[in-house]
Number of protein chains: 2
Amino acid sequence: MTREHPGNPVVLTPAAREVLRGFSRNSAAGFAPGADANLGACPVRDVLARVGDKWSLLILVALSEQPRRFSALQREVGDISKRMLTQSLRMLERDGLVSRQVFPTKPPSVEYALTSLGEAALVPVAGLLHWASGAHEQIRAARAAYDALEG
Amino acid sequence: MTREHPGNPVVLTPAAREVLRGFSRNSAAGFAPGADANLGACPVRDVLARVGDKWSLLILVALSEQPRRFSALQREVGDISKRMLTQSLRMLERDGLVSRQVFPTKPPSVEYALTSLGEAALVPVAGLLHWASGAHEQIRAARAAYDALEG
DNA sequence: GCCAATAGGTCTAGATATGAGACCATATCG
DNA sequence: CGATATGGTCTCATATCTAGACCTATTGGC
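We now turn to the structure provided with this report. (Residues numbered from 1 in each chain as written. Chains lettered and ligands numbered in written order. Predicted model: local features only at pLDDT ≥ 70, side-chain atom pairs only at ≥ 80, totals over all residues. Heavy atoms only, no water.)

Let us look at the packing of helix H4 (residues 70-77) of chain B against helix H5 (residues 82-94) of chain B. To describe two helices that pack against each other, one gives the angle between their axes and the distance between the axes. All names here are of chain B. Running from amino to carboxyl end, H4 crosses H5 at an angle of 110°, the nearest separation of the two axes being 11 Å. In terms of axis orientation, H4 runs roughly perpendicular to H5. Along this stretch, H4 crosses H5, giving a crossing that reads as right-handed. In contact with Phe 70, Leu 73 and Gln 74 of H4, H5 contributes Lys 82, Leu 85, Thr 86 and Leu 89. A breakdown of the residues in the contact of H4 with H5 according to their chemical character gives 4 nonpolar, 2 polar and 1 charged. (Axes fitted to C-alpha atoms, helices over the stretch in contact; angles between N-to-C directions. Helix = DSSP H or I, 4+ residues; strand = E, 2+ residues; numbered from the N terminus. Parallel < 35°, antiparallel > 145°, perpendicular 65-115°, else oblique. Left-handed = near helix turned anticlockwise from the far one by under 90°. Contact = heavy atoms within 4.5 Å. Nonpolar A, V, L, I, M, F, W, Y, C, P; charged D, E, K, R; others polar.)

The following block contains the structure:
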């Protein structure tokens, strides 16, 4: 874990830097304390609210191959409770990332599928996961080192 | 929000699909109930635990321009409590994404900076944010539509 | 000399989110 | 007649987060 010298970015591309710079001051800094009314309208916060939802990304990934029914989705994700699955799906549906279709079987079955917006979201998500699988070894090593020192 | 026909992906590139396919069955499916001991070792879960930490990404972005001290970081992020800032920074440090350096001023000041691993993480994160800012309008529209129908 | 301020935290209490699992409706199968 | 399947909802116990008081040590102002 070498420390970068400020102003000497080795890894981040100029383009990526540009994107980040746009977000950096998007919230915070310069508000009177308590006047944060517009944090909710900030796109970054908005995504992070969805991404930071622990289950949402997992659900999107589970739907990436094919549409799935509620119970299949629960099996696929593995350790999500019905409660949270329902709740997360509702949010994803509300945000237009996932569609919900009820089939009038008895008992009725419900199929969830990605919308085109949901498919589009998976592109950057795939990038993230791809990075993750590559970095996982390094992260595990860093953790081991940290734990050895600081308990 | 058009619904995609299964097997007819318009948006997701073959490469991205490949990545996702690798993760899709990574957990769940096929375990006896309660035998999910290895979910913790799964790279996807690992990233999502960090990404899903609401604050971690925000902190990484706040550090993307330059190293910052604790209190500067708190101002930059805007609405994070000291408690969560400390906690998130510890995790990021443990995972090797952020470095922590104490300067022996009085009172001592502490500077946090991205490691090279942290810089690398920002590449896919920037991709995500970039997508987010483009999709934000669509998401807001979808929300409005949903709320109009389903209250 | 004394009091306030500063930096970076920690600790505690009250609010909020989550997880496990019981419960529901309804029709079909044995 | 009773068990089963599907997609939820509801309740309660637990985990996590927020707000904010408090702590350490030193320095600057008066």
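One simple way to see leftover space: roll a probe sized like a water molecule over the atoms. Summed over all chains, the structure comprises 4 cavities of 30 Å³ or more. Put simply, the parts of the chain that give the lining of the largest cavity at least two residues each are helix H2 (43-51), helix H3 (56-63) and helix H6 (116-150) of chain A together with helix H6 (116-150) of chain B. Looking at the lining of the largest cavity, the element that brings in the most residues is H6 of chain B, giving 6 residues. Of the residues that constitute the lining of the largest cavity, the class distribution is 12 nonpolar, 2 polar and 4 charged. Each pocket or cavity is described by its volume, and for the second largest cavity that value is around 130 Å³. Looking at the second largest cavity, it is lined by 15 residues, and the ones nearest its centre are Trp 131 of chain A together with Val 47, Arg 50, Val 51 and Leu 97 of chain B. Elements supplying a minimum of two residues to the lining of the second largest cavity: H6 of chain A together with helix H2 (43-51), helix H3 (56-63) and H6 of chain B. Considered class by class, the residues forming the lining of the second largest cavity number 10 nonpolar, 1 polar and 4 charged. (1 Å grid on protein atoms, 1.4 Å probe; cavity = no way out; pocket = protein on both sides within 12 Å on 5 of 7 lines; lining within 4 Å. Points joined across faces, edges and corners; volume = space filled by probe spheres on them.)

Turning our attention to the protein's contact with DNA strand C. Close to DNA strand C lie 19 residues, the nearest being Met 84 of chain A together with Thr 86, Arg 100, Val 110 and Tyr 112 of chain B. In DNA strand C, the atoms that sit within 4 Å of the protein are 63% sugar and phosphate, with bases accounting for the remainder. One of the side-chain N or O atoms of Gln 87 of chain A is found 3.5 Å from a phosphate oxygen in DNA strand C. When contributions to the surface near DNA strand C are tallied by element, the ones reaching two or more residues are helix H5 (82-94) of chain A together with H4, H5 and strand E3 (109-114) of chain B. Take the surface near DNA strand C: its biggest share by element is 4 residues, from H5 of chain B. Across the surface near DNA strand C, the residue classes break down as 7 nonpolar, 4 polar and 8 charged. (Near = heavy atom within 4 Å. Polar contact = N/O pair within 3.5 Å; in protein donor to acceptor, adjacent residues only side chain to side chain.)

Time to look at the sheet that holds strand E3 (residues 109-114) of chain A. Residue and element names in this part refer to chain A. With antiparallel pairing, the 3 strands of this open sheet are ordered in space as E1-E3-E2. What marks the edges here is a single partner per strand, and that holds for strand E1 (68-69) and strand E2 (98-103). One ladder, built from 6 bridges, connects E2 with E3; its direction is antiparallel. Directly across from Val 98, in E3, lies its bridge partner Leu 114. Its contacts with the sheet put H5 on E2 and E3, and the angle it makes with E2 is roughly 115°. (Pairing = 2+ DSSP bridges.)

Shape descriptors only; they carry no functional weight alone.
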